[in-house]
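# What the coordinates show
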Amino acid sequence: MADKTFLACLPGDVGLSPELSSDIELVERLWTQVLEEHGEGELLHLAALLRERSAGGHETESPSAFLEGAPQLEEPECVAGLLRAFTIYFQLLNTLEQKEIVRVNRARQAEGGGAPHPESLGDALCRIREGGLSAEEVQALLLRLDIQPTLTAHPTETRRRAVLDKLLAIGRTLALAQRPLQYAGLEEPLHGWEHPEETLRHYLTLLWQTDELAANPIQVTDEVQNTLYFLERTILQVVPLLHRDLRRALAEYYPGHEFHIPPFLRYRSWVGGDRDGNPNVTPQVTGQTLLLLRARVLRAYLQQVRELQAELTQSARRVTLTPELQASLEADRAALHPDLDDLRQVEGEPFAEKLLFVRLRLEETLRQAEEQRGSTEGSRSFGPQPPAYPSAQGFLHDLEALQRNLLEGGSGHPAGSGALDWLLLQAGAFGFHLATLDVRQHSDEHARAVGELLSAASLLPAGRPYEDLREEEKQRLLTQEISSRRPLVGADWRPSEETAHVLPVFALIRQAQRELSPDAIKSYVISMTHQLSDVLEVLLLAKEAGLVRWRAGLEGPVMESDLDVVPLFETIDDLSRADGFLRELLAHPLYRQHLESRGRFQEIMLGYSDSSKDGGYLAANWWLYRTQSRLAEACRDHGIELRVFHGRGGTVGRGGGRANRAILAQHPEAFGGRIRFTEQGEVISFRYGLPALAHRHLEQIVSAVMLVAARLPRRPAPPPEWAEEMSQLAEHSRQVYRALVHEDPDFWTFYTRATPIAYISRLPIASRPTFRPGGGGPVGLESLRAIPWNFAWVQSRYVAPGWYGLGSALAAFASESDEGLPRLQALYREWPFFRTLLDNAQLELTRAHLPTAARYAARVRPAELGQRIHARLAEEYGLAREWVLKVTEQRELLEKAPAVRATVVLRNPAVAPLNAIQVALLERTERLSPEDPGYAAWRRALLLSLVGVAAAMQSTG
């Protein structure tokens, strides 16, 4: 069998569990059969040939020489077929690993002997009780909890929805087949699923017959649909589970106490609202997105209300109605006129009758949302008209009245833990908006629009262009105009095309807040915030749309503001100045009035991606950590509540890694229980593809937030010497990183040839361009977005953003004195931040493969340039590996995480041929012109290689 598999060894040989090894061997056997049945058995021999050549030390030969001996690979269709076979294999492996994570967690929970599962809510409450917190302190903690994962559409998911569905079906089939028959559900056949292998072969066949790449470029509407898939399928179902978990844990560890648990886990989204560099996100698209989110959540509620109506059939002769519910029913009977058949079905059943009226209102609310969404002229009004619910509060009020009646009537069990309770938890967390939409735009776009408005109003001093004003002049002028009640321009004023792309979204936000929900859009994120005027410009544009207003007060005009303004700090320089910026902003009299109207609350977003691209992994992480504590201190000094919004990506070089460990590693004084963080691309698929995985991910997040907010484990703030030592490490790392990436004049040439960056933008996986538009400068490193920057490094197996500069910094620190290495080892043992930093780097160092990367470097011309920079990268890799091992006191990377290490070791022999094929395709495609026969077929094969490597590496950007 060995010559007919994609693996160079059996799964058990690298230390995988017997259960996962068995799954892999079964699926690989069936996958081999499916390929042979489709007449593709030759692909298995080709895969084995290329794998053997990869393992035989052929890295230095030319790509064309690597493919010699396989004349079939002169045909693009054969190459594409081989790439698809590799890609599907790795996607199957990823699915099996997800299934294994679920199995391991359930096994550990079953073997716990009554102890709470580690990193669960029960575990957190147990530790909180042991930490001495009283019930009153726990209640205060619950009221502070504010966790808001934020889904984004960043282009890091290369798999189509059609492919994901089939992969998940394969995982479900295996799980069902392996479940003991006595635990089968009542809906299953008496003898269980008799032929799981037939079902698996069916889905494997469908996978082979489904294209990996979408036929057309991705549109914003496609991204919205992809996001809705996870919101509906998983998130909407899992969030109530977290509430129930918390309720049970409180009852177990604080028995006899009643707790109020407000919605503590709410979702946000950028999909359809992120306008930064994406001209496809128009106000019309944003409006359609809001209505689509509304329609989907209403449909979900409707289904549950129908089921509840069939469940709550208590007779009027057996229950007592509260005056509240009786009055509600009488009002409904007067306002609504259901079909006689519907009324007859609920006659004498008051709870079912109430739910009939709830259903009718929901149906009308949904009908109106669908009607607005289908309008080709845009939505003149979002506002629901009777008998639709005017807001989610009316829906909640009806459900709560029903629940109170059930409780008072002695039906405590169905009211407190049944389907009605479940629906109430969902409605409290998701409202009628499902996920609050953010709007984001680049600060330069606001400046241009404001400049045009001020010029049209003849308010610029001496006719000077707005961009030529000094910062002090801008602030003075902006403050003056925000404070004025008059509009800058009349209703008949016509802006330029660029300004017309900026202004209407503010009017849309106002309309959505008033006619849909105040939760429809709450925040406006400003990319590349550098100075106070960047924030004041947004307030001025908001005032022009009526989102900022003035009313008369006892002591003068009082501002009313409907929008949180969120500065985003992305570069190392901006992070270093962020606390000074914030103190100046909080001291600004006009901005203080804005904050007063927003509940003395300020959100700040920190960009992990661009800061890493700017200064390297170590420096970016240190400045992000340091900035959080300084921002928290500034807010405490001004009496303002802070929420940090972490703009994390999927890869370690963009702030990826275990989210709960990142939370636990935060500065203890920088966190009070409120947090936002982005979830994007393949990270969403991995964390939310299976409800069980989503449940585990979220319980880890919530438990970590609760522990850090409770100041547990109790540890003092890092001593000043730790910060000094970390600053020394970060600065040395930054210098090494910038010397290569930003200061070497030949680096961009190397990067564009030694990675497939030129082709990443052609993948049909996102609606946003790879490079930031505008600026008038050449396309280069500064305009390249952080996601494709990382994506290209992962493809070429350098994975450099997750480690470059780290080795030099550790080596230099350790060499300064005999105490250098022991000091670093102590930091690793005692400081969660430093430990998490090195542990994440270990993963990237393990995933990197420098012999494979050398193939890409060999493409660089002149050859001496490729050799020089590759040698520099290889030297730094060697230093990083050597010193990470010394500091962590290990013999091999990830020694303390053997399961993770085993999955990488298992993959490497089969990933190398994929990379070799990709390099050969890069060489071949560049020899052809678009007019040559076969060019389109070869280019498609090259794009398939990008998808294949992404699947193999389990990450993109």
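This section reports on the structure supplied with the text. (Residues numbered from 1 in each chain as written. Predicted model: local features only at pLDDT ≥ 70, side-chain atom pairs only at ≥ 80, totals over all residues. Heavy atoms only, no water.)

### Comments concerning the overall build of the chain
- A tally of regular secondary structure across the chain gives 39 helices and 10 strands.
- With respect to the three principal axes, the spread of C-alpha positions in the chain is 85 × 85 × 65 Å.
- Across the 957 residues of the chain, 59% fall into the buried class.
- In the chain, 83% of the contacts between residues at least 6 apart in sequence involve partners at least 24 apart.
- As presented, the chain carries roughly 37,700 Å² of accessible surface, and 51% of it is formed by carbon and sulfur atoms. (Helix = DSSP H or I, 4+ residues; strand = E, 2+ residues; numbered from the N terminus. Buried < 20%, exposed > 50% of the residue type's maximum accessible area, 1.4 Å probe, protein only. Contact = heavy atoms within 4.5 Å. Areas by Shrake-Rupley, 256 points an atom, 1.4 Å probe, with all protein chains shown as cover.)

### Digging into the pairing of strand β3 (residues 436-442)
- With seven of seven residues buried, β3 is to be regarded as a mostly interior element.
- Across the two faces of β3 the burial is the same, with Thr436, Asp438, Arg440 and His442 and Leu437, Val439 and Gln441 all buried.
- Two elements, strand β2 (residues 268-269) and β3, share two bridges in a ladder whose sense is parallel. Within the sheet, the bridge partner assigned to Arg268 lies in β3 and is Thr436.
- As defined by bridge partners, β3 adjoins strand β4 (residues 521-527) across five bridges and the pair is classed as parallel. Within the sheet, the bridge partner assigned to His442 lies in β4 and is Ser527. (Pairing = 2+ DSSP bridges.)

### Section: helix α25 (residues 617-637)
- With 21 residues, α25 extends 31 Å from end C-alpha to end C-alpha; this agrees with the ideal 30 Å at 1.5 Å per step.
- Looking one or two residues beyond α25, the residue adopting positive phi is Gly639, at roughly 70°. (Expected span 1.5 Å × (residues − 1).)

### Here we look at the packing of aromatic side chains
- Evaluated as defined, the whole model comprises 31 aromatic pairs.
- One aromatic cluster is present, built from ring pairs that chain together Phe747, Trp748, Phe750, Tyr751, Trp789, Trp793 and Tyr798.
- Cation over ring: Arg84 sits above Trp208, and NZ or CZ is 4.5 Å from the ring centre.
- A cation sits over an aromatic face here: Arg676 above Phe645, 3.9 Å from the ring centre. (Phe/Tyr/Trp six-rings, centres within 6.5 Å; stacked < 30°, edge-to-face > 60°. Lys NZ or Arg CZ within 6 Å of the ring centre and 35° of its normal.)

### Examining the nonpolar core
- Phe90 and Phe834 are the most contacted members of the largest nonpolar core, which has 125 residues in total.
- Residues in contact with Phe90, not counting those within four places in the same chain, are Arg907, Ala910, Val911, Leu914, Gly948, Ala951 and Ala952. (Core = buried A, V, L, I, M, F, W, Y, C linked by side-chain atoms within 4.5 Å.)

### Some remarks on the sheet that holds β3
- In spatial order, the strands read β1-β2-β3-β4-β7-β8-β9-β10; together these eight strands close into a barrel with parallel pairing.
- As judged from the two bridges shared by strand β7 (residues 564-569) and strand β8 (residues 601-607), these two strands associate in the parallel manner. Along β8, the bridge assignment pairs Leu568 with Met605.

### Here we look at the packing of helix α21 (residues 532-544) against helix α23 (residues 589-597)
- At a minimum axis distance of 11 Å, the contact between α21 and α23 shows a crossing angle of 60°. Accordingly, the angle class assigned to the pair α21 and α23 is oblique. In the packing of α21 onto α23, the handedness of the crossing is left-handed. In this structure, α21 contributes Val535, Leu536 and Leu539 to the contact, and α23 contributes Leu590, Tyr591 and His594.
- Of the residues contributing to the contact of α21 with α23, the split by class is five nonpolar, one polar and no charged. (Axes fitted to C-alpha atoms, helices over the stretch in contact; angles between N-to-C directions. Parallel < 35°, antiparallel > 145°, perpendicular 65-115°, else oblique. Left-handed = near helix turned anticlockwise from the far one by under 90°. Nonpolar A, V, L, I, M, F, W, Y, C, P; charged D, E, K, R; others polar.)

### Focus: the pairing of β7
- With respect to burial, β7 is a largely interior element, six of its six residues being buried.
- Of the two faces of β7, the one carrying Asp564, Val566 and Leu568 and the one carrying Val565, Pro567 and Phe569 are both buried.

### Remarks on helix α10 (residues 283-311)
- Given a rise of 1.5 Å per residue, 29 residues ought to cover 42 Å, and the 42 Å separating the end C-alpha atoms of α10 matches this to within 8%.
- For α10, a buried count of 21 out of 29 residues is recorded, marking the element as mostly surrounded by other parts of the structure.

### With respect to the pattern of salt bridges
- Throughout the structure, instances matching the rule amount to 67 salt bridges.
- The partner of Arg464 in a salt bridge is Glu473, with the nearest N and O atoms 3.0 Å apart.
- Relative accessible area serves as the criterion here: at 29%, Arg464 is assigned to the partly exposed category.
- Note that Arg643 is salt-bridged to Glu603, the shortest N-O span being 2.4 Å. With Arg643 in strand β9 (residues 641-647) and Glu603 in strand β8, this residue pair connects regions lying 40 residues apart in the sequence. Comparing Arg643 with Glu603 shows no difference in burial state: the two are buried.
- Because the salt bridges share partners, they merge into one network encompassing Asp146, Arg268, Asp438, Glu603, Glu641, Arg643, Arg674 and Arg676. (Salt bridge = Lys/Arg side-chain N within 4 Å of Asp/Glu carboxyl O.)

### Points about the packing of helix α29 (residues 720-741) against helix α37 (residues 863-888)
- Two numbers describe how α29 lies on α37: the axes approach to 12 Å, and their chain directions differ by 160°. Viewed along their axes, α29 and α37 adopt a mutual orientation that is roughly antiparallel. Considering how the two elements wind past one another, α29 and α37 form a crossing that is left-handed. Note on element contacts: α37 touches α29 through Ile869, Arg872, Leu873 and Glu876, opposite Val736, Ala739 and Leu740.
- Of the residues that constitute the contact of α29 with α37, the class distribution is five nonpolar, no polar and two charged.

### Section: unusual backbone geometry
- Cis geometry marks the peptide bond from Pro386 to Pro387, where omega comes out at 10°.
- Along the chain, Pro387 turns up in the loop between α13 (350-373) and α14 (392-408).
- Across the junction of Arg861 and Pro862, the peptide omega takes the value 0°, indicating a cis bond.
- Tracing the chain through its elements places Pro862 in the loop between α36 (850-857) and α37.
- Of note in the backbone geometry, Glu889 takes a positive phi value of approximately 55° without being a glycine.

### As for the environment of Glu584
- Its place among the elements puts Glu584 in helix α22 (residues 572-587).
- Along the backbone, Glu584 and Thr846 are 262 residues apart, and their C-alpha atoms lie at a distance of 44 Å.

### Structural notes on the side chain of Thr571
- By secondary structure assignment, the location of Thr571 is in the loop between β7 and α22.
- Apart from residues no more than four positions distant in its own chain, Thr571 is found in contact with Met528, Ser611 and Asp614.

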